[in-house]
Amino acid sequence: MTFPETIQQFIEQEHLLDKGKRYLVALSGGADSVCLLRVLLLLGYQVEAVHCNFHLRGEESNRDEDYVKTLCKKHSIELHLIHFDTESYAKLHKVSLEMAARDLRYHYFEQLRQDIEADGICVAHHQDDCVETILMNLMRGTGIHGLTGIKVRNGKVLRPLLSVRRKNIIKWLEDIQQDYVTDSTNLKDDIVRNKVRLRLIPLLNEINGSVTNNILTTARRLQETARVYDNTISTCLERLILNNSIEISALMQEPSPESILFEWLSPMGFSSAVIEQVSISLEKAPAGSEWQSPTHQMTICRGRLIVEERRTEPPTLLIPETGNYAYESGKIRVNILEERHLDKQPHVACLDADTIHFPLTLRPVRQGDRFQPYGMNGSRLVSDYLTDCHLNIFEKRRTLVLSDAKGRILWLVGHRTAAPFCLTPKSQRTLFVEFCQQSSEQKD
């Protein structure tokens with residue numbers, strides 16, 4: 001079977017491309033991307049090229065751009081060209097140059113794909129890239145998916161060359177007398193991927209000449225294993241998760257609680273180290289224990305592991321007089337009625353206006369806050385009252401209190417008014433307070 005026939009067979013097997021649709025080809029000018037462009041043209045696919053100049057290699061970057069322009073003109077291929085200030089982007093976002101280039105590249109590819117209504121973005125990863133990725137993931141520490149290699153399809157990113165080795169690519173380019181450019185940075189073992197490519201893999205080949213094929217074979221087997229694993233985990237999560245929480249006792253009955261935790265929590269930014277710590281301490285960790293990721297927070301409450309998005313602490317709002325006030329999570333209306341008026345809705349407080357002094361303050365609960373709940377004798381810690389209401393630690397932190405000029409808590413918003421300020425048969429004026437919570441949909 002010829003090289004183009006091998007590629008065509010792989011495309012058909014994976015249902016990657018359709019000759020009636022248009023595709024972008026990421027064209028750097030190197031052997032792999034030039035091969036991809038030429039073989040897709042030969043096979044009759046509709047393609048346009050896209051080249052990114054990252055301005056990281058001085059004159060060599062300009063040389064690559066000139067080469068790509070010449071190649072596309074020779075074969076009458078539409079070329080989309082963009083320039084990036086990669087170093088400034090990396091500094092601004094505090095990422096490596098390699099990561100900056102990747103982010104810029106793929107963001108532009110997707111935007112361009114949508115603009116020209118292309119069906120996919122073809123990139124030139126091959127089997128040797130797949131082996132490098134597996135070894136790098138193995139060295140960093142990875143789960144089962146990290147050992148399955150590079151995906152043939154990742155959203156709209158397509159990889160038609162994953163059925164061939166780098167040496168097959170070079171040989172075919174030689175056969176058709178097609179030149180290409182060489183990125184000099186790929187010849188230096190100064191980054192991890194280059195060290196793996198230039199030093200580790202040659203050493204492994206000395207030990208076992210079939211190491212590349214063996215790694216690829218193992219990756220294919222693990223892909224099948226991963227399908228079984230994903231199906232099992234998905235079934236478990238569907239059964240266990242309720243309102244973004246899991247009952248700990250039920251979780252511990254599963255064959256691998258840590259695997260379930262990993263697949264549930266890692267998409268929310270929790271690191272492998274944190275997930276391992278949670279898994280080990282889960283049965284012994286006390287209620288109220290907390291763990292954080294950059295975007296989410298997790299706690300234990302009443303035997304359940306609860307996760308939610310991290311939020312900033314609610315602000316404090318000073319209310320100098322009656323009126324309508326905007327608040328971060330809603331709005332508050334404060335009026336004085338010249339009569340005794342009672343409204344028992346949970347978002348409304350009706351208080352004796354003559355017992356209260358302005359200005360009022362709407363604020364989050366603080367440690368040590370006390371009040372006398374209506375209908376109860378004596379004062380209680382607000383935190384204890386909220387615990388009895390079955391609120392978890394995050395819900396407690398979002399709970400608001402309304403206090404007066406003397407710092408006395410008038411209302412635990414949405415829960416209970418304070419007894420000393422409630423209306424009595426002798427009350428003549430009503431302080432009417434309504435707090436309307438704003439939903440996340442309304443905020444958006």
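Definitions and limits used
Residues numbered from 1 in each chain as written. Predicted model: local features only at pLDDT ≥ 70, side-chain atom pairs only at ≥ 80, totals over all residues. Heavy atoms only, no water. Core = buried A, V, L, I, M, F, W, Y, C linked by side-chain atoms within 4.5 Å. Buried < 20%, exposed > 50% of the residue type's maximum accessible area, 1.4 Å probe, protein only. Helix = DSSP H or I, 4+ residues; strand = E, 2+ residues; numbered from the N terminus. Phe/Tyr/Trp six-rings, centres within 6.5 Å; stacked < 30°, edge-to-face > 60°. Salt bridge = Lys/Arg side-chain N within 4 Å of Asp/Glu carboxyl O. Pairing = 2+ DSSP bridges. Contact = heavy atoms within 4.5 Å. Axes fitted to C-alpha atoms, helices over the stretch in contact; angles between N-to-C directions. Arc of directions from axis to C-beta. Expected span 1.5 Å × (residues − 1).

Talk me through the nonpolar core; I want residue IDs and the actual numbers.
Within the largest apolar cluster, 49 residues are counted, with the highest numbers of intra-cluster contacts made by Leu17, Leu40 and Leu161. Counting residues per element, this core draws most heavily on helix 2 (residues 31-42), which supplies seven residues. By size, the runner-up hydrophobic cluster in this structure holds 30 residues, among which are Leu351, Leu402, Trp411 and Phe421.

Tell me about the packing of aromatic side chains, residues and numbers included.
On inspection of all chains with the given rule, the structure shows six aromatic pairs. Relative to Trp172, the ring of Phe3 lies with its centre 5.2 Å away and its plane at 20 degrees, an arrangement referred to as stacked. In this pair, Phe3 is assigned in helix 1 (residues 3-14) and Trp172 in helix 7 (residues 166-175), connecting sequence segments 169 residues apart. On the accessibility criterion, Phe3 (12% relative accessible area) is buried. A relative accessible area of 9% means that Trp172 is categorised as buried. Taking the centre distance of 5.7 Å and the plane angle of 20 degrees together, the rings of Phe54 and Phe84 count as stacked.

Describe the pattern of salt bridges, with residues and values.
The full count for this structure, using the stated rule, is 23 salt bridges. The network of salt bridges with common partners includes Arg57, Glu60, Arg63, Asp64 and Asp183.

Explain the pairing of strand 19 (residues 400-403) to me, using residue names and the numbers behind them.
Burial along strand 19 is two-sided: Leu400 and Leu402 and Val401 and Ser403, pointing in opposite directions, are all buried. Note: strand 16 (residues 360-364) against strand 19, four bridges, orientation antiparallel. Across the sheet, the residue bridging to Thr361 is Ser403, located in strand 19. Note that strand 19 and strand 20 (residues 409-412) share three bridges and pair antiparallel. Opposite Ser403, over in strand 20, you have Ile409 as the bridge partner.

So what's going on with the side chain of His126? Which residues, and what values?
Counting through the fold element by element, His126 comes out in the loop between strand 4 (120-122) and helix 6 (127-140). His126 sits in the buried class, given a relative accessible area of 3%. When near neighbours in sequence (up to four residues on either side) are disregarded, His126 contacts Asp32, Leu161, Leu162, Val164, Arg166 and Ile169.

Describe unusual backbone geometry, listing the residues and the values that go with them.
Cis peptide bonds are those with omega within 30 degrees of zero, and the linkage from Phe358 to Pro359 qualifies with 5 degrees. Residue position: Pro359 is located in the loop between strand 15 (348-352) and strand 16. The phi dihedral of Arg302 is positive, around 50 degrees, even though this residue is not glycine. Residue Arg302 is classed as exposed on the basis of its relative accessible area of 51%.

Talk me through the sheet that holds strand 15; I want residue IDs and the actual numbers.
Ordered by their spatial adjacency, four strands build an open sheet running 13-14-22-15, and the pairing between neighbours is antiparallel. Edge positions in the sheet fall to strand 13 (323-327) and strand 15, since each of these pairs with one other strand and no more. Averaged over all pairs of adjacent strands, the angle between their axes in this sheet comes to 15 degrees, without regard to strand direction.

Break down helix 11 (residues 257-265) for me, citing the residues and quoting the values.
Buried within helix 11 are the following residues: Pro257, Ile260, Leu261, Trp264 and Leu265. Down the axis of helix 11, the smallest arc covering the buried residues is 110 degrees, so these residues share one side.

Outline helix 6, supporting the account with residue identities and numerical values.
Side chains three or four residues apart in an α-helix point the same way, a direct result of the helix having 3.6 residues per turn. For helix 6, spanning 14 residues, the distance from its first C-alpha to its last is 20 Å, which sits close to the expected 20 Å at 1.5 Å a residue. Of all 14 residues in helix 6, 11 are buried; the element is thus mostly enclosed. Every buried residue of helix 6 is accounted for by Gln127, Asp128, Asp129, Cys130, Val131, Glu132, Thr133, Ile134, Leu135, Met136 and Asn137.

Quick rundown of the environment of Leu43? Include the residues and the values.
By secondary structure assignment, the location of Leu43 is in the loop between helix 2 and strand 2 (46-53). By relative accessible area, Leu43 is classed as buried at 14%. Between the alpha carbons of Leu43 and Leu138 there is a distance of 36 Å; along the sequence they are 95 residues apart. The contacts of Leu43, once residues within four sequence positions are left out, are Pro4, Ile7, Gln8, Ile11 and Lys19.

Now, about the sheet that holds strand 1 (residues 22-26): what can you tell me, with residues and values included?
The six strands are arranged 3-2-1-4-6-5 in an open sheet whose pairing can be described as mixed. Edge positions in the sheet fall to strand 3 (79-83) and strand 5 (153-154), since each of these pairs with one other strand and no more. The sheet contact formed by strand 2 and strand 3 spans five bridges and is parallel. Looking across to strand 3, one finds that Asn53 is bridged to His83.

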